[in-house]
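# Topology and contacts: notes
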Amino acid sequence: MSTATAIENKSPASAGRFEPRIAAFVCNWCTYTGADLAGTSRVQMMPNVRMVRLPCTGRIDTAFIIKAFERGADGVIVSGCHPGDCHYSEGNYHARRRFAMFKELMNFMGIDERRVTFSWVSASEGRKWGDVVDETIERVRALGPFDDYKTLLEETP
Amino acid sequence: MRKAFITQENLSVLSGDLERAGRKVVVPRPSATGRMEYGAAQSGSLTHLGGALPARSLKATFLPPTEALLRWKNAKDDVVLEPSEPKALPTVVLGARPCDAAALAILDKVMDWDYHDDPWFARRKATTIVSLACDGVDSSCFCTSVGLSPDTTKGSDVLLTAVDGGYLVEALSEKGEALLEENKTRFTAARGEAQAAERRKAATDKVRKNLAVDARTVKDWLGGNFEHPFFKLGSRCHACGACAAVCPTCHCFDIVDEPEGLEGGTRRRNWDTCQTSKFTLHGSGHNPRNDQHARLRQRVMHKFHIYSERFGETLCTGCGRCARACPGGMDLLEALREIDKLRRSSRPSAAPIVTPTNPPISGGAR
Amino acid sequence: MNELRQLARKLLADKTVGVVIGYEEGQGAVTRPSFATSPEQAEKLVFDARCVQNLASYLSPRRSTVRSLGKPAVVVKACDAKALAGLIREAQVKREDVVVISVACGGVLADPRSGKALSEAMVADRCRDCDGAHTSLADHKVGQAKAPAFGSPKVDARLAELQAMTAPQRFAFFKSVFSECTRCNVCREVCPMCFCARCMADKSEPQWIESSPHLRGNFAWHMLRAMHLAGRCVGCNECERACPAGIPLSLITRKMQKVVSERFGYSPSDDPNVPAPTGAFRLDDAQEFIR
């Protein structure tokens with residue numbers, strides 16, 4: 001794929017296709033810095049992500065994910081430091097347990113777990129961040145808008 | 001007012017007729033969780049309406065657990081308000097329990113007190129209530145203690161009584177007359193009146209045995225004994241408010257603003273209960289009803305003293321749902337029995353009981 | 001029964017405790033929580049298969065009316081003891097501040113109001129996988145422990161049915177049962193482990209959980225309740241028993257119990273020193289779902 005085509009594919013205007021809205025909750029020390037690196041390294045990625053920076057994945061309450069869906073997100077990315085790299089030593093270990101439970105709960109409730117990406121992206125993995133973003137967008141694009149959740153309010157008897 | 005008869009089969013047909021005529025039909029039917037609850041009839045599946053009381057009362061049909069009051073939009077330098085139209089579909093309730101119908105008439109007073117509650121009255125106006133003389137009396141029923149009975153007509157437009165082969169039908173109001181008139185092909189001449197009277201008397205006698213107290217007489221004792229040690233009731237209460245959730249007359253609500261992003265949002269009103277500490281918690285952190293004893297006292301006071309002082313009615317229909325629903329095993333019948341005992345043993349107070357009455361708020365949105 | 005009353009009488013007479021929290025005859029055929037504060041009141045105490053309530057709920061710091069009665073002795077079944085252990089583990093109750101009376105329990109009724117005797121069909125579902133042993137927390141043991149012998153929990157069969165459905169089917173299922181929820185918060189108030197002075201669901205700035213009982217608010221509430229109780233819920237099922245809408249909450253709590261057990265090897269424990277799985281971690285916790 002030439003650079004020009006790659007950029008075109010990553011532009012939101014392409015052919016009236018569905019553009020998912022993705023919320024990303026990332027930790028300050030690894031993924032946010034990694035995303036910064038992706039920017040300064042001019043890694044091409046699609047622009048559908050709105051990012052929220054938090055001190056640590058340990059601070060990422062699963063209520064954030066639910067709130068993102070309530071406010072119209074079609075997909076969510078949650079990302080932070082690799083195990084062992086946490087700025088606060090063990091925040092991401094606690095978060096990992098919480099995310100594991102939440103993932104299973106979502107699945108149980110019938111919410112497609114493919115709408116949420118959990119990843120570890122370090123400060124030096126700008127390229128990986130670009131990949132995580134693009135993969136998530138493509139996956140959620142294929143799933144379509146998260147209408148099931150968006151219509152919950154109107155469906156109340 | 002006219003009397004008639006309808007077969008079980010024709011009642012089912014009538015339900016279908018009403019739906020075809022554009023009316024919502026509410027009946028006791030199994031809910032999504034498998035309990036008998038009032039809810040929209042499933043077309044063509046109307047079976048016998050009687051039996052035990054539905055788990056929750058009929059109030060949700062008139063005061064929904066959540067309801068949008070208005071939407072707001074944030075404009076450039078302004079906030080634009082759009083009041084919500086109350087959802088008031090033409091509705092017929094088939095098989096309401098008389099205690100639940102009576103509750104609506106009792107609540108009309110507070111709903112038209114210092115403020116005329118439009119959504120409530122829009123739905124009251126749009127709804128015809130066909131009650132069924134209760135044949136599901138159990139040991140928690142005490143409607144006879146609040147001046148009602150299993151066949152009370154208060155709040156109902158039509159009263160059905162199950163008799164052999166169907167139901168004796170009695171119109172009780174103009175709405176009821178109209179319902180019978182509009183659907184007269186489904187009804188035949190009244191019959192089974194003697195049997196109906198017999199069954200209704202049997203049900204009434206059965207309720208009477210549960211509680212030999214006239215709950216309307218405890219009002220004055222309550223008014224004079226606010227600090228009585230009797231009200232140390234709260235230990236086993238979980239403050240959960242299950243009693244209020246199932247109660248036909250508990251009507252408190254909470255008004256919340258739910259923003260939708262930055263553009264605007266919805267103001268809603270949701271059911272609330274005086275049994276939680278948050279209900280009276282002030283912004284300062286002070287809480288005038290600081291423990292569960294005080295909150296339970298409030299529940300008893302509101303039902304049997306405050307409401308009757310203000311509106312001349314007891315805010316209780318004796319349906320007994322609170323006693324059935326309480327996870328801590330609290331029982332209002334027992335409390336009334338105790339209060340009655342205290343009332344009988346106390347000397348009549350010399351001074352008249354003074355209850356502060358709030359003047360109606362003038363200039364309401366009537 | 002006499003043994004229990006004797007013990008309670010003694011504890012109250014020699015002022016070891018200010019209140020014995022147990023069970024007494026209620027109205028009709030049911031029993032209910034009892035708060036005996038004098039040796040005479042100890043005569044009211046009973047224990048049998050109708051005693052369904054989890055009395056550990058009354059030890060929560062939110063129960064100011066109970067706390068004002070003095071140091072408590074509490075009658076616990078094997079299941080309730082796990083909730084008490086949870087309160088001790090999470091520093092809500094000091095072990096030395098409560099006297100634990102463990103009663104031998106052969107299972108309790110699903111619905112004591114039914115007036116039926118205890119049987120395979122009538123037993124509360126949670127009793128089906130109980131070993132009936134006296135808790136190691138016991139200061140006093142009353143009665144000979146016996147393992148109830150009933151089939152496997154019915155909730156597991158229902159879970160398997162749900163698991164066999166597609167995700168959209170499950171979503172539709174939860175939508176239908178949550179549509180009955182009026183957010184009365186009964187599930188929270190009766191829960192022994194919901195002891196927060198101010199619940200996340202009551203906060204309005206920011207309002208993480210919409211308090212309105214529309215489906216969106218209800219999904220948020222039930223999912224976050226599940227998250228906050230994951231690894232802490234002891235499966236006493238008071239929430240489901242008390243729910244005025246009859247929502248099958250045990251499906252959710254049981255599911256989370258299984259997740260926690262399979263992933264972190266934790267089952268509800270009556271040992272306060274076993275750390276809760278959400279307060280601990282292993283370096284090698286599975287992370288197959290993390291990219």
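Residues numbered from 1 in each chain as written. Chains lettered and ligands numbered in written order. Predicted model: local features only at pLDDT ≥ 70, side-chain atom pairs only at ≥ 80, totals over all residues.

### As for the overall build of chain B
- Summing up its helical and strand segments, chain B has ten helices and twelve strands in all.
- Computed over C-alpha atoms, the radius of gyration of chain B comes to 22 Å, within 12% of the 21 Å expected from 2.2 N^0.38 for 366 residues, which places it in the range of a compact globule.
- When its C-alpha atoms are laid out on the principal axes, chain B stretches across 70 × 65 × 40 Å.
- Considering only intrachain contacts with a sequence separation of at least 6, the fraction spanning at least 24 residues in chain B is 74%. (Helix = DSSP H or I, 4+ residues; strand = E, 2+ residues; numbered from the N terminus. Rg over C-alpha atoms; globule rule 2.2 N^0.38 Å. Contact = placed C-beta atoms within 7 Å.)

### A look at the packing of helix α3 (residues 62-70) of chain A against helix α7 (residues 215-229) of chain C
- At their nearest, the axes of α3(A) and α7(C) sit 10 Å apart, and the two run at 165° to each other. As far as their axial angle goes, α7(C) and α3(A) are roughly antiparallel. α3(A) and α7(C) meet at a crossing whose hand is right-handed. For the pair formed by α3(A) and α7(C), the contact residues are Thr62(A), Ala63(A), Ile66(A) and Glu70(A) on the first element and Arg216(C), Ala220(C), Met223(C), Leu224(C) and Met227(C) on the second. (Axes fitted to C-alpha atoms, helices over the stretch in contact; angles between N-to-C directions. Parallel < 35°, antiparallel > 145°, perpendicular 65-115°, else oblique. Left-handed = near helix turned anticlockwise from the far one by under 90°.)

### A look at the domain arrangement of chain C
All names here are of chain C.
- In terms of domain boundaries, chain C breaks down into domain 1 (2-142) and domain 2 (154-279).
- Here the C-alpha centroids of domain 1 and domain 2 sit 24 Å apart.
- Contacts between the two partners involve 24 residues from domain 1, matched on the other side by 21 residues from domain 2. (Domains from an automatic or database assignment.)

### Comments concerning the nonpolar core
- In terms of nonpolar packing, the biggest core is built from 222 residues, with Ala242(B), Val20(C), Val74(C), Leu84(C) and Met256(C) touching the most fellow members.
- Here Leu84(C) is in contact with Ala56(C), Leu59(C), Val74(C), Val76(C), Val100(C) and Leu137(C), once residues within four sequence places are set aside. (Core = buried A, V, L, I, M, F, W, Y, C linked by C-beta atoms within 7 Å. Buried ≥ 20, exposed ≤ 12 C-beta atoms within 10 Å, placed from the backbone.)

### Comments concerning the domain arrangement of chain B
Residue and element names in this part refer to chain B.
- Annotation of chain B at the domain level lists domain 1 (3-56 + 86-211) and domain 2 (217-345).
- Each of domain 1 and domain 2 was reduced to a C-alpha centroid, and the two centroids are 27 Å apart.
- Listed per partner, the contact involves 20 residues of domain 1 and 20 residues of domain 2.
- Ranked by the residues each element gives to the side of domain 1 that touches domain 2, the list is headed by helix α2 (residues 98-111), at eight residues.
- Across the side of domain 1 that touches domain 2, the residue classes tally to 14 nonpolar, three polar and three charged. (Nonpolar A, V, L, I, M, F, W, Y, C, P; charged D, E, K, R; others polar.)

### A look at the confidence of the model for chain B
- Per-residue confidence for chain B averages 91 on the pLDDT scale, and 93% of its residues sit at or above 70.
- Every residue in residues 358-366 of chain B is under pLDDT 50, and counting partners more than four places away or in other chains gives eight contacts. (pLDDT = per-residue confidence, 0-100.)

### As for the environment of Leu12(C)
Residues and elements named next belong to chain C.
- Within the secondary structure, Leu-12 sits in helix α1 (residues 2-13).
- Note: C-alpha distance between Leu-12 and Ala-42 (30 residues apart in sequence) is 8.2 Å.
- For Leu-12, the residues in contact, after removing those within four places along its chain, are Val-17, Val-20, Ala-36, Ser-38, Pro-39 and Ala-42.

### A short note on the sheet that holds strand β4 (residues 66-74) of chain B
Residues and elements named next belong to chain B.
- Spatially, β5-β4-β12-β11 is the arrangement adopted by the four strands of the open sheet, whose pairing is antiparallel. Two strands bound the open sheet, and with one partner strand each, they are β5 (79-83) and β11 (253-260). With strand direction ignored, the average angle separating the axes of adjacent strands in the sheet is 25°.
- In this structure, β4 lies alongside β5, joined through five bridges in antiparallel fashion. If you follow Leu-70 over to β5, its bridge partner there is Pro-83. (Pairing = 2+ DSSP bridges.)

### Focus on the interface of chain B and chain C
- The interface is formed by 38 residues belonging to chain B together with 37 residues belonging to chain C.
- For the side of chain B that touches chain C, the elements supplying multiple residues, two or more each, are α7 (242-246), β11, β12 (264-271), α8 (292-311), α9 (321-325) and α10 (332-345) of chain B.
- Split into classes, the residues belonging to the side of chain B that touches chain C amount to 14 nonpolar, 15 polar and nine charged.

### A few points about the sheet that holds strand β1 (residues 3-7) of chain B
Residues and elements named next belong to chain B.
- Read across the sheet, eight strands follow the order β3-β2-β6-β7-β8-β9-β1-β10 without closing on themselves; strand pairing throughout is mixed. Edge positions in the sheet fall to β3 (36-40) and β10 (188-189), since each has one partner strand and no second.
- Contacts from helix α4 (residues 174-182) reach β1, β6 (91-96), β7 (127-132), β8 (158-163) and β9 (166-171) within the one sheet, and its direction differs from that of β9 by about 130°.

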